[in-house]
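Chain by chain, the residues:
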Amino acid sequence: MADAMKPKGPMEIRFSGSGGQGILLAAAIIAEGATAQGKQVVSTQSYGPAARGGASKAEVIVSDEEIDYPEVDAPMINLCLSQAAYGKYAADTRPGGLLLYDSGLVEPDDTVAGCELCGLPFTQAALERLGKKVVANIVAVGALVEVSGVLPADAVEQAVVNRVPERFRELNSEAFRLGRRLAAEARDGTQS
Amino acid sequence: MSALVDEQKLEAAPHDAECKPPRIKPHTTSEITPWLRTPKTIWCPGCSNGTITRALIDAVLGLQLDPEKVVVVAGIGCSGRIAQYLEYSTVHTAHGRALAVATGVKTADPSLHVIVAMGDGDCSAIGGNHFIHAARRNIDVTALVFNNSIYGMTGGQMSPTTHMGDKSTTSVRGNVEAAFDLSELAHAAGATYVARGTAWAYRQLVDVIAGGISHTGFSFVETMAVCPVYYGRFNLTSDPAEFLKSQKEHAVPVGKFEDESRLRERYPVGVLHHSERAEFVASLQAMGDKALEAAHG
Amino acid sequence: MTAAPVLLQGNEAVAEGAIAAGARFFAGYPITPSTEIAETLARRLPEVGGKFIQMEDEIASIAAVCGASLAGTKSLTATSGPGFSLMQEMIGFASMAQIPCVIVDVMRGGPSTGLPTEPSQGDVMQARWGTHGEHSVIALVPSSVLECYTLTIEAFNLSEQYRTPVIILSDALVGHMREAVVLPEPGELRVAERGTPDCEPEDYDTVMSDLDNILPRPPLGSPFRVHVTGLVYNRRSGAPDTEAPEIASDLGRYLREKIYHHRDAIVRVEEMEMADAEVAIFAYGSVARSARAVVKWARAQGAKVGLVRPITLWPFPTAAVEHMAAQVHTVIVPEMNIKQMSWEVQAAVGGRAKVVDYGRVDGKLITPAEIKELVKREFYYHDWRDS
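Source: prediction; values computed, not measured.

1. Topic: the interface of chain A and chain C
Inference 1: Chain A puts 19 residues into the contact, and the matching count from chain C is 18 residues.
Inference 2: Broken down by secondary-structure element, the contributors of at least two residues to the side of chain A that touches chain C are α1 (23–36) and β2 (40–47) of chain A.
Inference 3: Sort the elements by how many residues they give to the side of chain A that touches chain C and β2 of chain A lands first, with seven residues.
Inference 4: Considering only residue class, the side of chain A that touches chain C consists of eight nonpolar, seven polar and four charged.
Inference 5: With two bridges connecting them, β2 of chain A and strand β9 (residues 178–181) of chain C associate as antiparallel partners. Looking at the pairing, S43 of chain A lines up with R178 of chain C of β9 of chain C.

Written as structure tokens, this is what we have:
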């Protein structure tokens, strides 16, 4: 999968969920990780009036070429952290792409075909293993990086550290590594 | 930020109604006229705006301010014209916006003495929001309001200080709205120096203006102005001398004033309120100095 | 060795551009989607010796900006549609009193409260004609995060040089978009300083400020003791004069010509693949990004399509449009409003080419797919007509 995920041309990633889940931060971290790699990067966002609970969407395009149209119509990597977001955006996933979702919050349906589905319990794991539901977004970013190989993990982990306040750095690094572990275990069929 | 506020004693000092403004010896006409750009004004015969203009020059001279550092920012209306007549740096802004413009001037250059000239409608109707917020910030400018209880420039319409029952071209059967007491409004909004004078008592007017200019913080000076052509003709008298004399009957020194303020019949004059609290630009500067030190220290 | 790229938001880039331009005063009022400009400057300005004020509304914000600029400090404010409407009064004052200042309008869907979080280009005509009376204005339209930075510096330069308010027409998409950018090193971009008139204060009133010699305004609190007014004034003395028609006419024409006389120096247009283009897309701001993608697609198909992207929207790039009109048979004008600039394009094209307008007012960016359909239609039409 990791190789197939790297087509020539821009890599388009969408993050969606509800306000308060840290969708915009998750996108900013991937964008910053890609920036540090010297890539062309554009990230856009769309959100409703509610700071908590409304629909939230962010997109990142990573490319070696100049990026014109800044939005994503058919993401190669599509991360959904809520059922509403899944219902709205899952079907947009590009054929051959990766649809990543929070298996504790999203009930997948059979409307999505032609792409790899990967459901992992980001929120549950964040709560149970780190005691903080709020870092579920960072767990998801870790898993996304592990499954897709879109960017070097250490570059993204550095972006995590850069983007969060100092006192939360350790927690967020933990969350990032937890996400990678979850994804690796799912891929290898092991359980910790 | 909380430490900063503590340092500067945010708590207001006890109310001091006995505050005595500086005593200014009036200047001669030959001392006054160099500070006028023109001998001609658009003001009507009998209008007290000329008296107030002279009082302002008198106060500036009496305080021995560097005239190059005096900036007069005015609004729109009869009073706003003062800007073009004074030989200082002057700004004739838009209707109601003088205090907001002055906030930018003073913040950008705290070394300036910023005096804001406004009419009653200018200050409290269209500019009402800027007025209460400038008072709340306690920015170190002096707001000088020419209160003639009417819109003169547009020909005599009612304003927020037109008394209930008064006539104007837009309250021909008598005003059904209550009037603002501008000085009390300024005090309630946070002004730390509030004074009222009249066109009748010239020396007191000069003194309370000088007191406002020398006060650090938002100072509000309300001048009860004489408008015989509109307000007087509709409600009192069109004779300027009679109008002026009526102020003598209405004005009561603040120490002797016991009635509830009813403005039209009787109102207190002198320094009505005086207190000290953190001044806006100084607080901003202190916070900025710390930020600058943190960024480069 | 160039600097490392940084990930920057459009609104943050405006704030950093303002600091690089020497702005040291910001007054504003919170409004989506411009708020990050205020937030960034609230944090950053004190670090460089500048001042930030949150005012009681947008009218007060632009008024304070006028005051600070008159006191000698480069100043700006930022807002969006509803606040931009409130600012029109004092934009007129700044225009009349010739006060250099920068107003950033991060456009969102309107009218009224409209679509607070979604982009629009609905304020382009308001930027030109929003305030009452005859005046002229300069408006710049960034289409990238880097341009949010560089055009803010240019906006300050133009405002100082022509002593006029300059408007930056960003939008919710460009303002909230993050891009990897390499910012110019300090000193790499020209920064115009305010300066003072090179004459004695007593001579200032009689020194003529003409079209080719626009004198800087001395600050308040200087020996010049200027009088600044929103009334019609004698352009030579600065004294208000509302009774002489010739004085009013002189000032009114001067305020317009001050900008239009220098139109060639002010206007910037970016052209792409226009050398042999048969169809041109005229697009600005965020929509120009979709248009650029379409030009690349069209050229890959062998279709002669080019892009004319005004960076300066006002004064309108009439010369570039006239040049384009003489060359192409069709001009497509996609914009996130209904016909606002296409109407202006049509006037400049003057019937020499067909003008196709395409508008969207749903808060969504016009996609390359939509513009492709318009392009295809033009080529099919011409194939059929030619055969």
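Still more ground to cover, so stick around.
2. With respect to the interface of chain B and chain C
Inference 1: With 33 residues of chain B at the interface, the matching set in chain C holds 37 residues.
Inference 2: Among the elements of the structure, α4 (82–85), β2 (89–92), α5 (98–108), α7 (128–137) and α12 (280–296) of chain B are those that each provide at least two residues to the side of chain B that touches chain C.
Inference 3: Tallying contributions element by element places α5 of chain B first for the side of chain B that touches chain C, with eight residues.
Inference 4: Of the residues belonging to the side of chain B that touches chain C, the class tally is 16 nonpolar, 12 polar and five charged.
Inference 5: Note: β2 of chain B against strand β10 (residues 227–229) of chain C, three bridges, orientation parallel. Looking at β10 of chain C, one finds that T90 of chain B is bridged to H227 of chain C.

3. A short note on the nonpolar core
Inference 1: Counting 269 residues, the largest nonpolar core has V139 of chain A together with V105 and V116 of chain B as the members making the most contacts within it.
Inference 2: A total of 10 residues in this core trace back to one element, the largest contributor, which is α1 of chain A.
Inference 3: When we break this core down by domain, the ones giving at least three residues each are domain 1 (6–181) and domain 2 (270–386) of chain C.
Inference 4: Once residues lying within four places of it in the same chain are set aside, the contact partners of V116 of chain B are V73, A98, L99, A102, V141, T142, A143 and L144 of chain B.

4. Brief notes about the arrangement of the chains
Inference 1: If you rank the two pairs of chains in contact by how many contacts each has, first place goes to chains B and C.
Inference 2: Taking C-alpha atoms as the reference, chain A and chain B come no closer than 18 Å and do not contact one another.

5. Quick notes on the sheet that holds strand β8 (residues 267–274) of chain B
Within a beta sheet, neighbouring strands are joined by backbone hydrogen bonds and run either parallel or antiparallel to one another.
Inference 1: Read across the open sheet, the nine strands follow the order β7(B)-β8(B)-β5(B)-β6(B)-β4(B)-β3(B)-β1(B)-β2(B)-β10(C); overall the sheet is mixed. The sheet is open, and its two edges are formed by β7 (251–253) of chain B together with β10 of chain C, each paired on a single side. Adjacent strand axes in the sheet meet at a mean angle of 20°, parallel and antiparallel pairs treated alike.
Inference 2: Pairing of strand β5 (residues 193–198) of chain B with β8 of chain B, which is carried by four bridges, proceeds in the antiparallel orientation. Counted as the bridge partner of A195 of chain B is V271 of chain B from β8 of chain B.
Inference 3: Sheet contacts for α5 of chain B: β1 (70–74), β2, β3 (113–119) and β4 (142–147) of chain B; angle to β3 of chain B, the most-contacted strand, approximately 175°.

6. With respect to the sheet that holds strand β3 (residues 55–63) of chain A
Inference 1: The eight strands are arranged β6(A)-β5(A)-β4(A)-β1(A)-β3(A)-β2(A)-β9(C)-β1(C) in an open sheet whose pairing can be described as mixed. Both edges of this open sheet fall to β6 (116–120) of chain A together with β1 (6–9) of chain C, since each of them pairs with a single strand only. The average undirected angle you get between the axes of adjacent strands in this sheet is 15°.
Inference 2: Here strand β5 (residues 98–102) of chain A runs beside β6 of chain A; their pairing, made up of five bridges, is parallel. Directly across from Y101 of chain A, in β6 of chain A, lies its bridge partner G119 of chain A.

7. Examining the confidence of the model for chain B
As a note on interpretation, predicted positions should not be read in detail where pLDDT is low.
Inference 1: Summary statistics for chain B give a mean pLDDT of 92 and a share of 92% for residues scoring 70 or more.
Inference 2: Every residue in residues 1–17 of chain B scores below 50 in pLDDT, and together they form 22 contacts with partners more than four places removed in sequence or on other chains.

8. Describing the environment of A175 of chain A
All names here are of chain A.
Inference 1: Checked against the element boundaries, A175 lands in helix α6 (residues 169–188).
Inference 2: On the neighbour-count criterion, A175 (28 C-beta atoms within 10 Å) is buried.
Inference 3: Between the C-alpha atom of A175 and that of L127, which follows or precedes it by 48 residues, the distance is 10 Å.
Inference 4: Contact partners of A175, with chain neighbours within four places excluded, come to A126, L130, V135, I138, V139 and G142.

9. Section: α1 of chain A
Inference 1: With 14 residues, α1 of chain A extends 20 Å between its outermost C-alpha atoms, agreeing within 8% with the 20 Å of an ideal straight helix rising 1.5 Å per residue.
Inference 2: In terms of residue burial, α1 of chain A counts as a mostly covered element, since 13 of its 14 residues are buried.

10. Points about the environment of A23 of chain C
Residue and element names in this part refer to chain C.
Inference 1: Within the fold, A23 resides in the loop between α1 (10–20) and β2 (25–28).
Inference 2: Residues A23 and H135 lie 112 residues apart in sequence; the distance between their C-alpha atoms is 25 Å.
Inference 3: Discounting residues that sit within four places of it in the chain, A23 has contacts with A18, K74, S75, L76 and F156.

Thresholds applied
Residues numbered from 1 in each chain as written. Chains lettered and ligands numbered in written order. Predicted model: local features only at pLDDT ≥ 70, side-chain atom pairs only at ≥ 80, totals over all residues. Contact = placed C-beta atoms within 7 Å. Helix = DSSP H or I, 4+ residues; strand = E, 2+ residues; numbered from the N terminus. Nonpolar A, V, L, I, M, F, W, Y, C, P; charged D, E, K, R; others polar. Pairing = 2+ DSSP bridges. Core = buried A, V, L, I, M, F, W, Y, C linked by C-beta atoms within 7 Å. Buried ≥ 20, exposed ≤ 12 C-beta atoms within 10 Å, placed from the backbone. Domains from an automatic or database assignment. Axes fitted to C-alpha atoms, helices over the stretch in contact; angles between N-to-C directions. pLDDT = per-residue confidence, 0-100. Expected span 1.5 Å × (residues − 1).

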